[in-house]
Amino acid sequence: MGADIFEISINIIKILVIFLLMVQIVPLLVWVERRGSAFIQNRFGPNRVGPLGLTQLLADAVKFLFKEEFVPSKGKKFLFYAAPVIALVPGALAFASIPLSAPILVDAFEMFGKSWGPYRFAFQGFEMGVGIVFVLGISSLGAYALLMAGWASNNKYSMYGALRACAQMISYELALGLALVGILLIYGTFDFAEMVAYQEGPLSFFFMGKEVIVPFLPNWGIFYQPLGAVLLFCAMFAETNRTPFDLPEAEAELVAGYHTEYGGLKMLMFYIGEYGHMLVASALMATFYFGGYNLPFISTEAVNAFFAGFGFSATKASIVTAFALHVVLFTKILLFLWVFIWVRWTLPRFRYDQLMDLGWKTMLPWALANTIITAALVLLMRTEWL
Amino acid sequence: MSPTIFYSLSIVLVVFSLLVVLCKNPLHSALFLALAMIDLAFIFFELKAPFIAAVQLMVYAGAVMVMFVMVLMLFDLKEDEESAFSGNPVINVFKFLSAGLLCWAISSKLFSYGDVAGLGAGKEFDIKALGTTLYTKYIFAFEALGLLLLLIAVGAVALSRTKGGTHDS
Amino acid sequence: MIASTITLHHCLFLSILIFSIGAFGVLVRKNIIVILMGIELMLNAVNLSFVSFGYFNSSLDGQLMSFFVMTVAAAEAGVGLALAVTVFKKFKKIDIKLFETLRD
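Residues numbered from 1 in each chain as written. Chains lettered and ligands numbered in written order. Predicted model: local features only at pLDDT ≥ 70, side-chain atom pairs only at ≥ 80, totals over all residues. Heavy atoms only, no water.

Focus: the state of the cysteines
What counts, and what does not: By convention in this document, the label disulfide applies to cysteine sulfur atom pairs within 2.5 Å. Three labels apply to residues, based on accessible area from a 1.4 Å probe with only protein chains included: buried if under 20% of the type maximum, exposed if over 50%, partly exposed otherwise in between.
Going through the model one piece at a time under the given rule, you end up with zero disulfides over all chains. Unpaired in terms of disulfides, Cys166(A) finds its nearest cysteine sulfur in Cys23(B), a separation of 20 Å. Sulfur of Cys103(B): no disulfide; nearest cysteine sulfur belongs to Cys11(C) and is 15 Å away. By relative accessible area, which is 10% here, Cys103(B) ends up buried.

Quick notes on the domain arrangement of chain B
Cut-off, in case you're wondering: Per the annotation, domain bounds derive from an automatic or database assignment of domains.
Domain parsing of chain B yields domain 1 (1-78) and domain 2 (126-164). A C-alpha centroid distance of 23 Å is found between domain 1 of chain B and domain 2 of chain B.

Digging into the packing of aromatic side chains
Residues and elements named next belong to chain A. How we decide: Two rings from Phe, Tyr or Trp (for Trp, the six-membered ring) form a pair when their centres are within 6.5 Å of each other. A pair whose planes differ by under 30 degrees is stacked, one over 60 is edge-to-face, and the rest are tilted. The helix and strand labels rest on DSSP assignments: H or I over at least four residues marks a helix, E over at least two residues marks a strand, and numbering proceeds from the N terminus. We count a charge as sitting over a ring when the NZ of a lysine or the CZ of an arginine lies within 6 Å of the ring centre and within 35 degrees of the ring normal.
Counted under the stated rule, the structure contains 20 aromatic pairs over all chains. Look at tyrosine 271 and tyrosine 275: their rings are 6.3 Å apart centre to centre, the planes differ by 25 degrees, and that puts the pair in the stacked class. Highlighted residues: tyrosine 271 and tyrosine 275, both in helix H11 (residues 264-289), separated by four residues, approximately one helical turn. Linked through ring pairs, Trp220, Phe233, Phe237, Phe290, Phe336 and Phe340 together constitute an aromatic cluster. Across from the ring centre of phenylalanine 64, 5.9 Å away, lies the NZ or CZ of lysine 63, which sits over that ring.

Things to note about helix H4 (residues 89-110) of chain B
Residues spaced three or four apart along an α-helix face the same direction, because each turn holds 3.6 residues. For the record, the criterion: Every helix has an expected span of 1.5 Å times one less than the residues it contains. The arc in question is the one spanned by the directions pointing from the helix axis to the C-beta atoms. Should any heavy atoms of two residues lie within 4.5 Å, those residues are counted as being in contact.
Here H4(B) spans 31 Å end to end across 22 residues, near enough to the 32 Å set by a 1.5 Å rise per residue. Along H4(B), the residues classified as buried are Asn92(B), Lys95(B), Ala99(B), Cys103(B), Ser107(B) and Leu110(B). One side of H4(B) holds all its buried residues, which, seen down the axis, span an arc of 100 degrees. Residues of H4(B) that are exposed and angled more than 90 degrees away from the buried face: Val90(B), Phe94(B), Leu97(B), Leu101(B), Trp104(B) and Lys109(B). Lining the buried residues of H4(B) we find helix H1 (8-28) of chain C.

Regarding the interface of chain A and chain B
Spelled out, the test is: Once two parts are brought into contact, the accessible area they lose, counted with a 1.4 Å probe and summed over both, makes up the buried area. Salt bridges, as used here, are contacts in which a Lys or Arg side-chain nitrogen is within 4 Å of a carboxyl oxygen on Asp or Glu. Polar contact is defined as a pair of N or O atoms within 3.5 Å, subject to the rule that within protein one atom must be able to donate a hydrogen and the other to accept it, and that residues adjacent in sequence are counted only when both atoms are side-chain atoms. Following the grouping adopted for this structure description, the nonpolar residues are Ala, Val, Leu, Ile, Met, Phe, Trp, Tyr, Cys and Pro, the charged ones are Asp, Glu, Lys and Arg, and the polar ones are all others, Gly among them.
With 27 residues of chain A in contact, the opposing surface of chain B contributes 27 residues. When chain A packs against chain B, close to 2,200 Å² is buried across both sides, 82% of that on carbon and sulfur atoms. Between chain A and chain B we count zero salt bridges in total. Our count for the chain A to chain B interface comes out at two residue pairs in polar contact (both at pLDDT 80 or more). Elements with a minimum of two residues in the side of chain A that touches chain B: helix H4 (131-139), helix H5 (142-152), helix H6 (156-187) and helix H14 (352-382) of chain A. For the side of chain A that touches chain B, the residue count by class is 19 nonpolar, four polar and four charged.

Brief notes about the nonpolar core
To keep it simple, the criterion reads: Definition used in this section: a nonpolar core is a set of buried Ala, Val, Leu, Ile, Met, Phe, Trp, Tyr and Cys residues joined via side-chain atoms within 4.5 Å.
Grouped together as the largest cluster of nonpolar side chains are 194 residues, with contacts concentrated most on Ile132(A), Phe288(A) and Ile33(C). Each of domain 1 (1-78) and domain 2 (126-164) of chain B gives at least three residues to this core. Every residue in contact with Ile132(A), bar those within four places of it in the chain, is listed here: Leu180(A), Leu184(A), Phe190(A), Phe192(A), Met195(A), Leu284(A) and Phe288(A).

Quick look at the structure:
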């Protein structure tokens, strides 16, 4: 134990802020999605309400809030209400376990006539030694929300959407997990913070037991595992049920899939769940393959020293560093989110058998081959030969 | 492990397990079983086995139970709700008693052995140690499991194969 | 009576309780899939006992055993569900009694 009031309250605030971060990115993304789709399809998009259509979101929120509440007759009422709530949980929990910035180190200080010890606050909801396994486990629970929604709606379209979603999620989870094994072999850890620390500085690797440094490339995972990164990103698309994998809600065949019967705020919660999944996927991509919260070539200590050069105290410099690096990570995340939106409005949807073929016959063998080759290479490269 | 956490988690676990057995709708049973497994994952986490907890979430709650729920939905059983329990109520009372007897018999044997207190005993292992043990001490079991999984995959496909399948060719 | 520390007996008693509930479910239910769920519950109880043995003896073997049990349980669920699907396809019902006809 040993936690005091200050530490506990900071932790509670942290968890609240991270949840709100996930919820608050949704309006922004909806706006980007609308304007972006309009831009891609050579239209205007919403541009009447406010500058650049920015306050369209407020109008949307009002619309969502004031829609009529209803439950389909012969639907399962409890499950019908529970499903949207459960849709929020996996995204929020997974996002909370990803480090969003460098840890904040607070020196001992005096407040209210008491002295408070030195602290170390990680910029993440909770620190976990098994980070990535936990994230995979939690995000695999996302299937329940869809299944419950489909079942409780008492509607054939919803049911088919839910079944499709589930089959898809289970199939692609295999490819997702296997695509990750390669990068885990290279980092040799499950902990996100250690992965980010590994990716500092210029590209350096062992060749025949000797260290080789490539000064013009950052030490990012993408240069070790390009195939793994592509496979992971594709599998993430399938996990988030976005186009080209949006079979569960294929509006041409299934009306709207598992959320056909949902409206108003409940619908909005499904949206938040989906965008939360996208956010987690982007954060994972950034953390695994693109250096996490670090700037290329610049280590966390260097940023800290830079801010300390302005005459800040150690605590203040650490806080400023954490927020600056947070901005860096969010820039990367937003780039990936834009890719999600870009792909959605560019590619057509798969047919169902194409989807299954891609998952089982293409991505799984490639991921397996990637794992085996990486394992062999890691063993060969890191052994001293001469 | 603090007693408050343990007691609350175990009460929830027992309630969910009972609901799994007693719910008439098989789908509700499956959902309660998923909840029970998530709860058990937290107990594992409290027992300093975070990797096992995460695997429990991923394999049991995420894959196995989703498969159960999916199969139940595919069946779409309507008439089963009236006759969920086999046999007549008198026999079921005897079945309940025999389960209780089983519980009593094992636990009475259990309490005649010495106890181990929790403080200081729980040592946290890192995942590297787990992997090393798995690939040295238990390598034969691991290989055997791989073979078993292959057999199971072939068997499951052979059992549920249909003529023609979903693909045209 | 509430003890101030959790001992091995607490964990094992919880495990036994869950095991008995699972066994009761296997005995009393008619639906094949719910019976499989009862078996899963029993396997989970065994996992709990393995992990708590490992925890209280400061040993890794408990965790690894429960890892193996999980794999076997997943395999068992796969075959069980495949059997259930086969039976359902033939009889449009999943009653445990229908397994009697498998010998023909």
